[in-house]
Amino acid sequence: QHLEIVPPRPAVRHEAMRFPVQYVVRPNAEFRGFAGQVSSGTIRPGDEVLALPSGEKTRVRSIATYDGEEAEAFAPMSVTLTLEKEIDLSRGDMLVSPEEPPHISRNFQAMVVWFNAEPLGLGRNYLIKHNVHTARAKATKIGYRVDMQTLDQDPASELRMNDIGEVEFEAASPLYFDAYDRNRITGSFILIDPLTNATVGAAMIRGELPPNATSSFPGEAIAVD
């Protein structure tokens, strides 16, 4: 009965455009394209785009695919974009709609599902894999753990295997994200143990947080790819 009343999710074609850059394609000196998968929205030649993190604006010159050039690209198509202006873009950067940019922050709150036998610990280093961007991060606060029997929000100092809880994070470099309820692709990430390379958790971003006055990564802005 519940499924009958859940409102359908809007099509990602009509959401703000998000294009994470996966590869820079440069087979020769005359072609420079940016390959990736459209996370949401629609891209057409002539559209203005904002490059993150540089903040430069340019327009799409063409949309290249294996079968030739396309008049438009939309989620979840994988394409190669060429741009009118030569700007600095690399793996992990993102092209977005200038009118509706994502949040850009090192501090954010997320709902985490914990997979690992070793509990989620505050202050411990993890890797966040967000789209094609990977950055070091630490959990700075656990807001609560969800009691799966009653759905109550219980105070918690750690998350154990199969726990779900609200966690605040600080990353070593900024993430470009939307809230999960707005965009499931740019609003989600996985947590990786840097020692074992095991996926230890999955998360849905709820929103941006103010910068941490006592940063865990002072003066650091380096992503790990």
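Everything below is about the structure printed above this text.
Note that this is a predicted model, so its numbers are computed, not measured. (Residues numbered from 1 in each chain as written. Predicted model: local features only at pLDDT ≥ 70, side-chain atom pairs only at ≥ 80, totals over all residues. Heavy atoms only, no water.)

Draft legend 1. Highlighting the nonpolar core. In this structure, Phe108, Phe169, Phe189 and Leu191 are the most contacted members of the largest nonpolar core, which totals 22 residues. Among the elements of the structure, β11 (103-114), β12 (125-130), β13 (133-146), β15 (164-177), β16 (188-192) and β17 (199-208) are those that each provide at least two residues to this core. Among the elements that take part in this core, β15 stands out by supplying five residues, more than any other. By size, the runner-up hydrophobic cluster in this structure holds 18 residues, among which are Val21, Phe34, Leu83 and Leu95. (Core = buried A, V, L, I, M, F, W, Y, C linked by side-chain atoms within 4.5 Å. Buried < 20%, exposed > 50% of the residue type's maximum accessible area, 1.4 Å probe, protein only. Helix = DSSP H or I, 4+ residues; strand = E, 2+ residues; numbered from the N terminus.)

Draft legend 2. Examining the environment of aspartate 154 more closely. Within the secondary structure layout, aspartate 154 lies in strand β14 (residues 153-154). Residue aspartate 154 is classed as partly exposed on the basis of its relative accessible area of 22%. As a C-alpha pair, aspartate 154 and alanine 29 span 125 residues in sequence and 59 Å in three-dimensional space. If near-sequence neighbours (up to four positions away) are discounted, aspartate 154 is found in contact with Tyr144, Arg145 and Asp147. (Contact = heavy atoms within 4.5 Å.)

Draft legend 3. A look at the side chain of arginine 32. Position of arginine 32 among the secondary structure elements: in strand β3 (residues 31-37). Separated by 3.4 Å, the side chains of arginine 32 and glutamate 86 make a polar contact. A polar side-chain atom of arginine 32 sits 2.8 Å from the main-chain carbonyl oxygen of isoleucine 87. In this structure arginine 32 touches Val24, Val25, Arg26, Leu81, Thr82, Glu86, Ile87, Asp88 and Leu89, once residues within four positions along its chain are discounted. (Polar contact = N/O pair within 3.5 Å; in protein donor to acceptor, adjacent residues only side chain to side chain.)

Draft legend 4. Seen up close, the pattern of salt bridges. All told, the structure shown has 14 salt bridges when counted by the stated rule. Here aspartate 178 ties to arginine 18 by a salt bridge, and the two come within 2.9 Å at their closest N and O atoms. Pair noted here: aspartate 178 is in the loop between β15 and β16 and arginine 18 is in strand β1 (residues 18-20), with a separation of 160 residues, a long-range link. In terms of burial, aspartate 178 and arginine 18 fall into one category: buried. In this structure, glutamate 100 engages arginine 182 in a salt bridge whose closest nitrogen and oxygen atoms are separated by 3.1 Å. Note that glutamate 100 is positioned in the loop between β10 (94-96) and β11 and arginine 182 in the loop between β15 and β16, a separation of 82 residues in sequence. Taking relative accessible area as the criterion, arginine 182 reaches 38% and is therefore assigned partly exposed. (Salt bridge = Lys/Arg side-chain N within 4 Å of Asp/Glu carboxyl O.)

Draft legend 5. View of the packing of aromatic side chains. Under the definition given, this model contains five aromatic pairs. Between phenylalanine 108 and phenylalanine 169, the aromatic rings sit 6.0 Å apart at their centres with planes inclined by 25°, giving stacked as the arrangement. One end of the pair, phenylalanine 108, is in strand β11; the other, phenylalanine 169, is in strand β15, with 61 residues separating them in the sequence. Given a relative accessible area of 0%, phenylalanine 108 falls into the buried group. With relative accessibility at 1%, the residue phenylalanine 169 sits in the buried group. (Phe/Tyr/Trp six-rings, centres within 6.5 Å; stacked < 30°, edge-to-face > 60°.)

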